[in-house]
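A closer look at the structure
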Amino acid sequence: MSAAPLVGYSSSSSEDEDEAKAGAQARPGAGSCPRAQSPLPSHRLPVPDSVLHMFLGTEEGPEDDSAKHGGRVRTFPHERGNWATHVYVPYEAKEEFLDLLDMLLPRAQTYVPRLVRMEAFHLSLSQSVVLRHHWILPFVQTLKDRMASFQGFFFIANRVKIYTNQEKTRTFVGLEVTSGHAQFLDLVSEVDRVMEEFDLTTFYQDPSFHISLAWCVGDARLQLEGQCLRELQVNSRYGSTEGAERVTGCVPGVAGELTALRVRHANQNP
């Protein structure tokens, strides 16, 4: 007796048709279901809550709670793998500088009580830009190479000035550089070249180099400029050998000390 065909062909032979029917009835699953096989369930089993809540927050961006950052607002949206980067010259505050700050800040707070003293001091050489994580090391090395040939120089910051960030979400009381401006421009020129190599935003066209003393949330120029600014400027010139003339600094010319690269994750403080 011949086996049932794997591929069926049309045939006029009634015997072939009878054998094909017999083979079909002999195969399991043909025709009616076997008695031992039970039907599949018609609904899915529920997923446990412990599994549903296992990965909450891993795919969504971080919650921007400005209350955790002194009310500051993020200047660009968070994106996983992005790092906020800022190039600056750190300023080491000495006793004379801190004495001046203790003199100026209470006076400014009589006009804007929400002003807060800066925790660290620096002079910016770039805007805040966004670097992908794999760019950080090449960026730092390129920056160091650019700065290796610079010589050290002294500067003086002795003019009180009010600043805001580009978005007008924060206001700063600062001391503007009046001596050493040209040397800072040379530094910025090299930093800008590095920024362009990495397709990043360059610094402002006409920068005002300064050391920020205090800051507050919002645009407080209306309250701080005018009478307040005049009083701050007078107080900063207190005495013939004291006052803001003592706010001097030296920018070293050694690679790696000349500039500091501030790198922080975009998920941290805005």
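Below you will find a few notes about this structure. (Residues numbered from 1 in each chain as written. Predicted model: local features only at pLDDT ≥ 70, side-chain atom pairs only at ≥ 80, totals over all residues. Heavy atoms only, no water.)

**Structural notes on the pattern of salt bridges**
One pass over the full model with this rule turns up eight salt bridges. Asp102 is the partner of Arg117 in a salt bridge, and the nearest nitrogen-oxygen pair spans 3.1 Å. Residue Arg117 is located in strand S2 (residues 116-117), and its partner Asp102 is located in helix H3 (residues 95-109); the two are separated by 15 residues in the primary sequence. With a relative accessible area of 44%, Asp102 lands in the partly exposed category. Close ionic contact of Asp219 with Arg221 constitutes a salt bridge, the shortest N to O distance being 2.7 Å. (Salt bridge = Lys/Arg side-chain N within 4 Å of Asp/Glu carboxyl O. Helix = DSSP H or I, 4+ residues; strand = E, 2+ residues; numbered from the N terminus. Buried < 20%, exposed > 50% of the residue type's maximum accessible area, 1.4 Å probe, protein only.)

**Re the pairing of strand S5 (residues 153-164)**
Taken together, the eight bridges between S5 and strand S6 (residues 170-179) define a ladder with antiparallel strand orientation. In the sheet register, Val160 faces S6, and the bridge partner there is Leu175. Counted between consecutive antiparallel strands, the loop separating S5 from S6 contains five residues, among which Lys168 sits at a positive phi close to 60°. (Pairing = 2+ DSSP bridges.)

**Brief notes about the packing of helix H4 (residues 136-147) against helix H5 (residues 181-197)**
At a minimum axis separation of 10 Å, H4 and H5 run at an interaxial angle of 145°. The crossing of H4 and H5 is right-handed. Every residue of H5 that contacts H4 at Phe139, Thr142, Leu143, Arg146 and Met147 is listed here: Leu187, Glu190, Val191, Arg193, Val194, Met195 and Glu197. Here the contact of H4 with H5 is built from residues that sort into seven nonpolar, one polar and four charged. (Axes fitted to C-alpha atoms, helices over the stretch in contact; angles between N-to-C directions. Left-handed = near helix turned anticlockwise from the far one by under 90°. Contact = heavy atoms within 4.5 Å. Nonpolar A, V, L, I, M, F, W, Y, C, P; charged D, E, K, R; others polar.)

It is worth stressing that arrangement in space is one thing and function is another; only the former is reported here.
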